[in-house]
Structures are given as C-alpha cells and as structure tokens.
Amino acid sequence: MMASPQDVEAFALGFSLTEEIISSPAEIYELQLRLIEASNDSVTGMEVAMTISSERFALLKERRRNLVGRTGCGICGAESLQQLRRPAHSIAKELPSELSVTHSAINSAVMALQQHQTLQSLTGAVHGAAWCNQQGKIVELCEDVGRHNAVDKLVGKLAASAINMDEGFLLVSSRASYEIVQKAAVARIAIIVAVSAPTSLA
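Our subject in this report is the structure included herewith. From a predicted model like this one, the values you see are computed outputs, not experimental measurements.

Rules used in this analysis
- Residues numbered from 1 in each chain as written.
- Predicted model: local features only at pLDDT ≥ 70, side-chain atom pairs only at ≥ 80, totals over all residues.
- Heavy atoms only, no water.
- Helix = DSSP H or I, 4+ residues; strand = E, 2+ residues; numbered from the N terminus.
- Pairing = 2+ DSSP bridges.
- Axes fitted to C-alpha atoms, helices over the stretch in contact; angles between N-to-C directions.
- Contact = heavy atoms within 4.5 Å.
- Core = buried A, V, L, I, M, F, W, Y, C linked by side-chain atoms within 4.5 Å.
- Buried < 20%, exposed > 50% of the residue type's maximum accessible area, 1.4 Å probe, protein only.
- Parallel < 35°, antiparallel > 145°, perpendicular 65-115°, else oblique.
- Nonpolar A, V, L, I, M, F, W, Y, C, P; charged D, E, K, R; others polar.
- Salt bridge = Lys/Arg side-chain N within 4 Å of Asp/Glu carboxyl O.

Bringing the environment of Arg63 into the picture now. With respect to the helices, strands and loops of the structure, Arg63 is situated in the loop between α2 (54-62) and α3 (88-91). Once the C-alpha coordinates of Arg63 and Ile21 are considered, the two residues, 42 residues apart in sequence, prove to be 9.6 Å apart.

Rendered as structure tokens:
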C-alpha cells in the first residue's frame, strides 16, 4: 500500500476491518511494525505483520482479490468491476436508524476541518477523515495522501478506542466515492459528510 507514514498500526487495523479481512480487533492476535531500511541506512518503507485467527485466514484465502493497492484508486487489484461491489448482506449491517444531524452541526464540522489538519496545512496535499459527534465537534482526525487510507486509519483508531460510532458522523475532505461508502457501511457509520459530490456508484 502507498500511504503516508502516520498512524500505520491504525491503518492496518482499519483496512483489515473495512475490507472485511477481520470482523473485530479481537481477531488480530499480533501486530508488528518494522521499518525497511535501504543500504545507506535510510528508511524506504514499513512492513506491518499481523497474525489473525485461523478462521479469518481461511476466509481470506478464498478471496481472489489481490489486496495490493495504491492511494488514488479504489479498484486496484480487483479482477473485474463486479468484484468492486460487495454483496449487500455483507455491508448492510444494522445501522442506527434514528440518528440525525443538524445543518449547523455539519457546517460547524466542515468549518473546523482545516484547523485540525496539521499535515494538510504544511503540505496542501493530503486528505482528512474526521469523526464528529452529533454537535459537529471533531473528536478524532486522521490524514493521508489517499482518501481511502485516511478513512481506514480513522476506523482503526475508533475501533481501538471506546468511541461510540452510533452517535456521530464521518467527515471526509474529498468526494464521497463508492469505496468510502462501503468502508463506512462495514464500520457501521450511518452518516457521511463529504466536501464534494458523491459519485454515481456511491
């Protein structure tokens, strides 16, 4: 995966959850992060090694998709367009149906997004994914060059914490693409706020 080198463990956990490699953090028995060094002692990358339950590993082996991906594309590694859409029963988990968010809460979160994006303010080139409470306060935020990666990092952080994802919404600094909608649905996030229009697949 090509990703920004922050919150790598959260990225590994979130990606594993949103891609349904695992169904809960408890199915990861071990997670190790290792820096990959070049001959001149510079770091060229990172490797995350995870030990998952044998049941989830058996299910993973059945999947034919190659999960090696890149930042700007949600279809990398898929063998066909039909593979992109996961079965509805797979992602249509029970979402909080009574959840509602006011226009003022959404506006408050959108207006506060920029001041929470420290890496974006330095580079002007990264996306943010934020978890906001119902009042529009940003509770947690992750950044990455890839918008899908930012969402995965956020899901990983939320899954590892005690934050209740039934009481808030996801804010992304990008369009609402189908893969962000799928990832949010798998994570049981009922509301997505995006600063750009949704795609037709989304």
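What follows continues from the structure just given.
With that settled, the discussion passes to the sheet that holds strand β4 (residues 138-144). Within a sheet, each strand pairs with its neighbour through backbone hydrogen bonds, oriented either parallel or antiparallel. On the basis of which strands lie adjacent, the open sheet formed by four strands has the order β4-β3-β5-β6 and mixed pairing. Unpaired on one side and paired on the other, β4 and β6 (192-194) mark the two borders of the sheet. Averaged over all neighbouring strand pairs, the angle between strand axes comes to 20°, with direction disregarded. In the packing of helix α6 (residues 147-159) onto the sheet, contacts are made with β3 (127-133), β4 and β5 (168-172), and the angle to β4 comes to roughly 140°.

Core analysis: the biggest nonpolar cluster contains 23 residues, and Ile22, Ala129, Trp131, Val151, Leu154, Leu170 and Ile189 have the highest contact counts within it. Counting residues per element, the ones that place at least two in this core are α1 (8-18), β3, α6, β5 and α7 (178-186). With five residues, the top contributor of residues to this core is α6. With sequence-adjacent residues up to four places away left out, Leu170 is seen in contact with Ala129, Ala130, Trp131, Val151, Leu154, Ile180, Ala184, Ile189, Ile191, Ile192 and Val193.

When you tally the buried positions in β4, you get five out of seven residues, the bulk of the element. Across six bridges, β3 lies against β4 in antiparallel orientation. Residue pairing in the sheet places His127 in a bridge with Asp144 of β4. Between the antiparallel neighbours β3 and β4 lie four residues, among them Gly136 with a positive phi of about 90°.

This paragraph deals with unusual backbone geometry. Even without being a glycine, Asp7 presents a positive backbone phi close to 55°. Considering the arrangement of structural elements, one finds Asp7 in the segment before α1. When its relative accessible area of 28% is taken as the criterion, Asp7 is described as partly exposed. With phi around 65°, Arg188 is a residue other than glycine that occupies positive phi space. Within the secondary structure layout, Arg188 lies in the loop between α7 and β6.

Let us now look at the packing of α6 against α7. A pair of packed helices is captured by two measures, namely the crossing angle of their axes and the spacing between those axes. Running from amino to carboxyl end, α6 crosses α7 at an angle of 10°, the nearest separation of the two axes being 10 Å. By the angle class used here, α6 and α7 are roughly parallel. Counting all contacts with α6, which are made through Arg147, His148, Val151 and Asp152, the residues of α7 involved are Glu179, Ile180 and Lys183. Considered class by class, the residues forming the contact of α6 with α7 number two nonpolar, one polar and four charged.

Pairing is possible between side chains that carry opposite charge, provided their charged atoms lie close to one another. Under the defined criterion, the tally for this structure stands at nine salt bridges. In this structure, Asp144 engages Lys153 in a salt bridge whose closest nitrogen and oxygen atoms are separated by 2.7 Å. Neither Asp144 nor Lys153 differs from the other in exposure class; each is buried. Connected through shared salt-bridge partners, Asp7, Glu140 and Lys157 make up one network.

Without other data, these values stay purely geometric and don't point to any function.
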